[in-house]
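Structural overview for review
Each chain is listed here by its residues.
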Amino acid sequence: PQPETFYSLSVISPGFEPITGQLTTPPIPNFDSIIQRGEVVDTIFVNEPFDIRWIPQQTGRGMVTGEVILGDWWNDTTSQDWCGGYFDPFIVDLYDNNQNPYSVYPWLCLEENDNIESKDYVLRLTAMDDNYFEYFITGEQGEYSNAFLNYPTTKGRSVGVEGGLGLFGSIASDWVLLKISP
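Before going into details, it helps to say that this report is about the structure given with it. (Residues numbered from 1 in each chain as written. Predicted model: local features only at pLDDT ≥ 70, side-chain atom pairs only at ≥ 80, totals over all residues. Heavy atoms only, no water.)

1. A look at the sheet that holds strand E9 (residues 102-104)
- Taken together, 4 strands build an open sheet; the order of strands is E4-E3-E6-E9 and the sheet is antiparallel. Each end of this open sheet is capped by a strand with a single partner; those strands are strand E4 (39-40) and E9.
- Relative to E9, strand E6 (residues 50-54) runs antiparallel, the two sharing 3 bridges. Counterpart to Asp 51 in the pairing with E9 is Ser 103. (Pairing = 2+ DSSP bridges. Helix = DSSP H or I, 4+ residues; strand = E, 2+ residues; numbered from the N terminus.)

2. Observations concerning the nonpolar core
- Of all hydrophobic cores here, the largest spans 24 residues; its most connected members are Ile 34, Phe 50, Ile 52, Phe 87, Tyr 121 and Leu 123.
- When residues of this core are traced back to their parent elements, those giving at least two are strand E3 (31-36), E6, strand E7 (61-69), strand E8 (90-93), strand E10 (119-128) and strand E16 (171-181).
- Residue contributions to this core peak at 4 residues, all from E10.
- In contact with Ile 52, not counting residues within four places along its chain, are Phe 31, Ser 33, Ile 34, Val 64, Phe 90, Asn 100, Pro 101, Tyr 102, Val 104 and Leu 123.
- Core analysis: the second largest hydrophobic core is formed by 8 residues, Tyr 132, Phe 133, Tyr 135 and Val 159 among them. (Core = buried A, V, L, I, M, F, W, Y, C linked by side-chain atoms within 4.5 Å. Buried < 20%, exposed > 50% of the residue type's maximum accessible area, 1.4 Å probe, protein only. Contact = heavy atoms within 4.5 Å.)

3. Points about unusual backbone geometry
- Geometrically, the link from Asn 100 to Pro 101 is a cis peptide bond, its omega value of 10° lying close to zero.
- Structurally, the position occupied by Pro 101 is in the loop between E8 and E9.
- Even without a glycine there, the phi angle at Glu 4 is positive, about 50°.
- Residue placement: Glu 4 occurs in the segment before strand E1 (6-11).
- A positive phi angle, close to 60°, is found at Arg 37, a residue other than glycine.

4. A short note on the pattern of salt bridges
- What the rule picks out here adds up to 3 salt bridges.
- A salt bridge links Arg 37 to Glu 48, with the shortest nitrogen-to-oxygen separation between them at 2.6 Å. Taken as a pair, Arg 37 in the loop between E3 and E4 and Glu 48 in the loop between strand E5 (43-45) and E6 lie far apart in primary sequence, 11 residues in all.
- Under the relative-accessibility criterion, Arg 37 is labelled exposed at 57%.
- Taking relative accessible area as the criterion, Glu 48 reaches 25% and is therefore assigned partly exposed.
- For Asp 130, the salt bridge identified is with Arg 61, shortest N-O distance 3.5 Å. Highlighted residues: Asp 130 in helix H1 (residues 130-138) and Arg 61 in strand E7, separated in sequence by 69 residues. (Salt bridge = Lys/Arg side-chain N within 4 Å of Asp/Glu carboxyl O.)

5. Considerations on the sheet that holds E1
- Pairing within the open sheet is antiparallel, and its 3 strands lie in the order E1-E2-E14. What marks the edges here is a single partner per strand, and that holds for E1 and strand E14 (161-162).
- Bridge count between E1 and strand E2 (residues 19-24): 6 bridges; the pairing is antiparallel. Bridge pairing in E2 links Ser 8 to Gln 22.

6. Side note on the environment of Pro 101
- Residue classification places Pro 101 among the partly exposed positions, given a relative accessible area of 32%.
- Residues Pro 101 and Trp 54, 47 residues apart in the sequence, show an inter-C-alpha distance of 7.3 Å.
- Residues contacting Pro 101, with those up to four places away along its chain left out, are Asp 51, Ile 52 and Arg 53.

7. Quick look at the pairing of E6
- The two faces of E6 differ: Phe 50, Ile 52 and Trp 54 on one face are buried, but Asp 51 and Arg 53 on the other face are not.
- Two elements, E3 and E6, share 4 bridges in a ladder whose sense is antiparallel. When the sheet's bridge partners are listed, Ile 34 is paired in E6 with Ile 52.

Interpretation note: all reported values are geometric properties and have no functional meaning in isolation.
What follows is the structure in structure tokens.
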């Protein structure tokens, strides 16, 4: 799909009511920079706030998430000692210059990390269309998580779809790989 483009959905099946839907895809978000201690950085310090900047859009909302990469798919990372870098995901208006930059205040780590090496750290900015936002962000908390946002969500609802259950929605993401250091 192309960014900022209108799409429609039509499903016709004998013996059932037709299903229709429509959406406009979000703009593709882009990080501009990550700033800590007043400088653009490629390494984040665990217990210190940092600012994220993105390239402003004409419309749209985005969810910002962060994740410390503790290992790879083949190794058990649950036993590794790591503390810090985590924060509650949050929503920004991609067009609101009053929110840009946005200050991130990570959860404080009170453990000693002196002998631990830096880790990879991924920050993700996920733009979403109105349907996706309504279904996954403003919808009721449900029993499963959205794999793209790592966020609890709704079930048994319909957004962007007439005549059936489900979601007709879209997202676009940008991410930046940094290091995070104790």
